[in-house]
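Residue-level structure breakdown
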Amino acid sequence: MNLINTIVEWVVFSSKDPARISLTVRGILVGVVPFIIAGAGLADINVGPDELNGIVDSIIFLIQAFLTFVAASMTVWGLVRKLLNTIKVHQEVTHR
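Described in the following lines is the structure provided in the data block. (Residues numbered from 1 in each chain as written. Predicted model: local features only at pLDDT ≥ 70, side-chain atom pairs only at ≥ 80, totals over all residues. Heavy atoms only, no water.)

A look at the overall build of the protein
Applicable threshold: Helix numbering and strand numbering both begin at the N terminus, where a helix is a DSSP run of H or I of at least 4 residues and a strand a DSSP run of E of at least 2. Between buried and exposed lies partly exposed: a residue is buried under 20% and exposed over 50% of the maximum accessible area for its type, with that area taken using a 1.4 Å probe on protein chains only. When checking whether two residues touch, look at their non-hydrogen atoms; a contact exists if any pair is within 4.5 Å. Exposure was quantified through the Shrake-Rupley algorithm and a 1.4 Å probe, taking into account, for residues, occlusion by the shown protein chains and nothing else.
Of regular secondary structure, the protein possesses 3 helices and 0 strands. Going residue by residue from the N terminus, the α and β elements of the protein occur as α-α-α. The buried share of the protein, taken over its 96 residues, is 19%. Summarising the internal contacts of the protein: among those between residues at least 6 apart in sequence, 63% fall at separations of at least 24. Carbon and sulfur atoms make up 72% of the accessible area of the protein, which amounts to about 7200 Å² in all.

Next comes the structure, spelled out in structure tokens:
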């Protein structure tokens, strides 16, 4: 159980500021937004003429794609930063 708690703390809390949520977790949470948009039916908004619907659908697609990219970037950068900081701390502890 202690190992599980250690892993959860390592993933959830920031390696830069342990009082904050990690960038990895924030990236995952931002990544959920496009699924909420699609799941809430916002992609099927009917505003009138077919041309206007196409524009709205395109805007929603761009928002989803952008947020997916942001989420992936945040998640990958957070994980890389966390790994680098963990390695750095581990090296400092072993060199003492």
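Next comes the rest of the write-up.
Observations regarding the side chain of Lys 82
Filter applied, for reference: Only four residue types enter the tally: Lys and Arg on the positive side, Asp and Glu on the negative side, with His and both chain ends excluded. Take a side-chain nitrogen of Lys or Arg and a carboxyl oxygen of Asp or Glu: if they are within 4 Å of each other, that pair is a salt bridge.
Among the secondary structure elements, Lys 82 is positioned in helix α3 (residues 50-94). For the buried Lys 82, no salt bridge exists, and the shortest N-O distance to an oppositely charged side chain is 10 Å, to Glu 9. Aside from chain neighbours lying at most four places away, what touches Lys 82 is Trp 10, Val 11, Phe 13, Ser 14, Ser 15 and Ser 22.

Section: the packing of aromatic side chains
We apply this condition: To pair, rings of Phe, Tyr and Trp, with the six-membered ring standing in for Trp, must have centres within 6.5 Å; the planes then decide the type, stacked if under 30 degrees apart, edge-to-face if over 60, and tilted in the middle. We call a charge positioned above a ring when the Lys NZ or Arg CZ atom is no farther than 6 Å from the ring centre and deviates by at most 35 degrees from the ring normal.
Applying the stated criterion to the full structure yields 0 aromatic pairs. The positively charged end of Lys 82 is found above the aromatic ring belonging to Trp 10, 5.6 Å away from the centroid.

Points about empty space enclosed by the protein
This is how it is decided: Method remark: on a 1 Å grid restricted to protein atoms, a set of points is classed as a cavity if a 1.4 Å probe fits but cannot get out and as a pocket if it is open with protein on both sides within 12 Å along at least five of seven lines; lining residues have an atom within 4 Å of a point. Grid points are joined across faces, edges and corners, and a volume is the space filled by probe spheres set on the points.
Going through the model one piece at a time under the given rule, you end up with 1 cavity of 30 Å³ or more. Approximately 40 Å³ is the volume found for the largest cavity. What lines the largest cavity is simply Ser 14, Ser 15, Ser 22, Leu 23, Thr 24, Gly 78, Arg 81 and Lys 82. The set of elements that each furnish at least two residues to the lining of the largest cavity consists of α2 (23-39) and α3. In terms of residue count, α3 provides more of the lining of the largest cavity than any other element does, 3 residues in total.

Here we look at the side chain of Arg 81
With respect to the helices, strands and loops of the structure, Arg 81 is situated in helix α3. Assessed through its relative accessible area of 18%, Arg 81 is described here as buried. Residue contacts for Arg 81: discarding those within four places in its chain leaves Ser 14, Ser 15, Lys 16 and Leu 23.

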